[in-house]
Amino acid sequence: MSTTPTATLFSRTDDALGTFSVRPLDPFSDAELLHRWVTDPKASFWMMQDASLTDVEREYMRITAHEHHDAFIGLHNGEPAFLMESYDPRELELVGLYDPQPGDVGMHFLVAPTDAPLSGFTRAVITTVMAALFADPATRRVVVEPDVRNKAVHALNEAVGFVPEREITKPEKEALLSFCTRDRFEAATGIFADGEEAAA
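Remember, predicted model here, so these are calculated numbers, not experimental data.

*Asks:* For this particular structure, what's the right way to read the pattern of salt bridges?
*Replies:* Opposite charge on two side chains lets them pair, provided their charged atoms get close. With the rule as written, the count across this model stands at ten salt bridges. The salt bridge partner of Arg23 is Asp30, with a shortest N-O separation of 2.9 Å. Using a relative accessible area of 5% as the deciding quantity, one classes Asp30 as buried. Between Lys173 and Glu145 there is a salt bridge, with the nearest N and O atoms lying 3.2 Å from each other. Residue Lys173 is found in the loop between β7 (163–169) and β8 (174–181), and its partner Glu145 is found in the loop between β6 (141–144) and α4 (151–159); the two are separated by 28 residues along the sequence. Connected through shared salt-bridge partners, Glu93, Glu145, Lys170, Glu172 and Lys173 make up one network.

Below you can see the structure in the form of structure tokens.
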């Protein structure tokens, strides 16, 4: 699989909002874009509010070089619109905090700040992120650990099939551990792992 920054790794079409796709993140060429996103006041739960451009570049250099952590830029109709990360929870973030199962994949996502929000956009983004993860046959369950205070993302998670398990204490936050299986995602969204919608 190509890993050039312009390579599309996954794409799906939303009937109301258009095309969503995912490409690899380049920590150098994407650094300024990412810096604007992660330091925006609306991205407070990303915990990079005070990061410098160099901080952001170094963080995503670290992530893209990591054996168990990946980062991607999400596009809406060809324009950068969201950040997606996946990780192996057996190696990062949740080590010792739960009992991992084969096929577990951890996920984070961040929607780019905008002055012209579109109705249903964030839900379309998380749907795309989940469909992209489940497009890998090895992914059996997606694991998330958002801040317990982040009520908006809890609602979004539940809308695409996540079931909260319990609260856990991480070094940086109190988190709500939640899981979504492939079957739950498809039942909640009507979208199969290949990005196609089920027939009505």
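On we go from here.
*Asks:* What is the right way to read helix α3 (residues 121–134) from this model?
*Replies:* If you check α3, its first and last C-alpha atoms are 20 Å apart, about what 14 residues at 1.5 Å a residue would give, namely 20 Å. When α3 is considered as a whole, its buried residues turn out to be Phe121, Ala124, Val125, Ile126, Thr127, Thr128, Val129, Met130, Ala131, Ala132, Leu133 and Phe134.

*Asks:* Is there a simple way to think about the packing of aromatic side chains in this case?
*Replies:* The geometry of two aromatic rings is summed up by the distance between their centres and the angle between their planes. Counted according to the given criterion, the structure contains three aromatic pairs. Each ring, one from Tyr98 and one from Phe179, has its centre 5.6 Å from the other, and the planes form 40°; the classification is tilted. With Tyr98 in the loop between β4 (79–87) and β5 (104–111) and Phe179 in strand β8, this residue pair connects regions lying 81 residues apart in the sequence. Phe179 shares its class with Tyr98; the two are buried. Its guanidinium or amino end placed over the ring of Phe179, Arg141 lies 3.9 Å from that ring's centre, counting from NZ or CZ.

*Asks:* Whenever I open this one, the packing of α3 against α4 confuses me. Can you help?
*Replies:* Two numbers describe a pair of packed helices, the interaxial angle and the distance between the axes. Contact pair α3 / α4: the axes reach a minimum separation of 10 Å and the direction vectors enclose 55°. Here α4 runs oblique to α3, going by the angle between their axes. In this structure, α3 meets α4 at a crossing whose hand is right-handed. Where α3 approaches α4, its residues Thr122, Arg123 and Ile126 are matched on the opposing element by Leu156, Asn157 and Ala159.

*Asks:* Would you mind showing me how to read the side chain of Thr139 here?
*Replies:* Residue placement: Thr139 occurs in the loop between α3 and β6. On the basis of relative accessible area, Thr139 is assigned to the buried category, the value being 4%. Among the polar contacts listed, one links the side chain of Thr139 to the backbone oxygen of Leu133, at a separation of 3.0 Å. Ignoring anything within four residues of it in the chain, the contact list for Thr139 reads Gly103, Val105, Leu133, Phe134 and Arg182.

*Asks:* I keep staring at the sheet that holds β5 and nothing clicks. Help me out?
*Replies:* In sheet architecture, strand pairing relies on hydrogen bonds along the backbone and comes in two forms, parallel and antiparallel. An order of β1-β2-β3-β4-β5-β6-β8-β7 is seen for the eight strands of this open sheet, with the pairing classed as mixed. Every other strand in the sheet has two partners, leaving β1 (10–14) and β7 as the edge strands with one partner each. Each strand of the sheet is rotated relative to its neighbour by a mean of 30°, with strand direction disregarded. With eight bridges joining them, strand β3 (residues 69–76) and β4 adopt antiparallel strand pairing.

Conventions we followed
- Throughout, a residue's number is its position along its own chain's written sequence, starting from 1.
- Predicted model: local features are reported for residues with pLDDT of at least 70 only, side-chain atom pairs are reported and counted for 80 or more only, and whole-chain, interface and lining totals are derived from all residues.
- Hydrogens are left out, water is left out, and the side-chain values use all remaining heavy atoms of the structure.
- Salt bridge criterion: a side-chain nitrogen from Lys or Arg within 4 Å of a carboxyl oxygen from Asp or Glu.
- With a 1.4 Å probe rolled over the protein chains alone, any residue whose accessible area is under 20% of its type maximum counts as buried; one over 50% counts as exposed, and the rest are partly exposed.
- A run of H or I in DSSP becomes a helix once it reaches four residues, and a run of E becomes a strand once it reaches two; helices and strands are each numbered from the N terminus.
- Multiply 1.5 Å by the residue count of a helix minus one, and that product is the helix's expected span.
- Working definition: rings of Phe, Tyr and Trp (its six-membered ring) pair if their centres are within 6.5 Å, and the pair is stacked with planes under 30 degrees apart, edge-to-face with planes over 60 apart, and tilted otherwise.
- To sit over a ring, a charge needs its Lys NZ or Arg CZ within 6 Å of the ring centre and within 35 degrees of the ring normal.
- Axis angles are defined between N-to-C directions and span 0 to 180 degrees, where every axis is a line fitted to C-alpha atoms and, for a helix, only to the segment in contact.
- Roughly parallel covers angles under 35 degrees, roughly antiparallel covers those over 145, roughly perpendicular covers 65 to 115, and oblique covers all other angles.
- Two helices crossing with the near one rotated counterclockwise from the far one by less than a right angle form a left-handed crossing, whereas a clockwise rotation gives a right-handed crossing.
- We call two residues contacting when some pair of their heavy atoms lies within 4.5 Å.
- Between N or O atoms, a polar contact is any pair within 3.5 Å; within protein, one atom must be a potential hydrogen donor and the other a potential acceptor, and residues adjacent in sequence are included only when both atoms are from side chains.
- What makes two strands pair is DSSP finding at least two bridges between them.

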